[in-house]
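Here is how the chains run, residue by residue.
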Amino acid sequence: LTTDESISLAVGTDGSDKYVFAGSWDNSVYKIVPSDMSEDNSYDVGNNVGALTLGSDGSSTFLYSGTVGSVEKIDPSDMSSSGAFADGANFFDGLVIGDDGTGTQYLYAGNAYQGTTIHKIDPSDMEGVDTFDTAGAGSLALGQNGSLYAGTAHSTNDATIYKIDPSDMTKLGSIDTSSDRIEALTYGNDGYLYAGDNWDTLYSIDPGTMTVMDTLDVGSYSYSLSTVTGSDVIGGIGSTVTKLTHG
């Protein structure tokens, strides 16, 4: 399937079968059959898609799409709207969903370039319940330790990663990487937090103490990071998708 700059991906079921969901800058979220990569359906969000994630609203699994001014809740079975969280003209390019430590699922939405607030959203009704202010966080990750991590990319020379308690959205710690901007985050199965900047550095970070354990020159901009198995991290780096192993 060819689209106009598919910059966000999510993989999961629509309630019965497994699909790939792709957000594009042609204002659409595509539902793709993975066996032949054909389009099954799509949803027009009305603007560029900055982020996608799949998760439960407490009763069923939904697809969530970050765009300009809103986070859309989409029923993946028929790609129809099931609600939205609105916040002015902010471009939501960071989304993650998970337990906040109280046994309840929440959606967290950040925006790197047009706002300074991370929103905690109840996915059942798409209402905001709390916030955390940063210099603009476009990359978010939930850790196995229960903490929320946010990488800032709002302005030059502000590459701070925050450790946040998602239950009350308070700061637990932070680290200044002395880079330019943090563009990608993922929490590894090996217990490390991985961060990629907009230059050429990948960081492995101890998420407990928030200290840099190691760095790797990956040669280009980190667009996205994802954990697969063990200590392997898949990175969208420059124009390539690269497998990295932390040893």
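Residues numbered from 1 in each chain as written. Predicted model: local features only at pLDDT ≥ 70, side-chain atom pairs only at ≥ 80, totals over all residues. Heavy atoms only, no water.

Draft legend 1. Expanded view of the overall build of the protein. Within the protein, the regular secondary structure consists of zero helices and 22 strands. When burial is assessed residue by residue, the protein has 51% of its 247 residues classed as buried. Within the protein, contacts between residues at least 6 apart in sequence are counted, and of these 37% link residues at least 24 apart. If you sum the accessible surface of the protein, you get close to 10300 Å²; carbon and sulfur atoms cover 44% of it. (Helix = DSSP H or I, 4+ residues; strand = E, 2+ residues; numbered from the N terminus. Buried < 20%, exposed > 50% of the residue type's maximum accessible area, 1.4 Å probe, protein only. Contact = heavy atoms within 4.5 Å. Areas by Shrake-Rupley, 256 points an atom, 1.4 Å probe, with all protein chains shown as cover.)

Draft legend 2. Layout of the pairing of strand β18 (residues 201-206). Of all six residues in β18, five are buried, a share of seventy percent or more. The pairing of strand β17 (residues 193-197) with β18 spans four bridges and is classified as antiparallel. Residue pairing in the sheet places Y194 in a bridge with S204 of β18. Direction of pairing for β18 relative to strand β19 (residues 211-217): antiparallel, over a ladder of six bridges. Along β19, the bridge assignment pairs S204 with D214. Here β18 hands over to β19 after four residues, with M210 in that stretch at a positive phi of 55°. (Pairing = 2+ DSSP bridges.)

Draft legend 3. Inspection of the pattern of salt bridges at higher detail. Tallying each qualifying case throughout the model produces four salt bridges. Two residues, D57 and K73, come together in a salt bridge whose shortest N-O distance is 2.8 Å. Here D57 is found in the loop between β5 (49-56) and β6 (61-75), whereas its partner K73 is found in strand β6, with 16 residues between them in sequence. The network of salt bridges with shared partners includes D14, K31 and D40. (Salt bridge = Lys/Arg side-chain N within 4 Å of Asp/Glu carboxyl O.)

Draft legend 4. The arrangement of the sheet that holds strand β14 (residues 160-165) in detail. Strand order in this open sheet of four strands is β12-β13-β14-β15, and the pairing throughout is antiparallel. This sheet does not close on itself; its edge strands, each paired only once, are β12 (137-142) and β15 (170-176). Each strand axis lies, on average, 20° off the axis of its neighbour in the sheet, ignoring direction. Inspection of the sheet shows β12 paired to strand β13 (residues 148-152) by five bridges, in the antiparallel sense. Along β13, the bridge assignment pairs L142 with L148. (Axes fitted to C-alpha atoms, helices over the stretch in contact; angles between N-to-C directions.)

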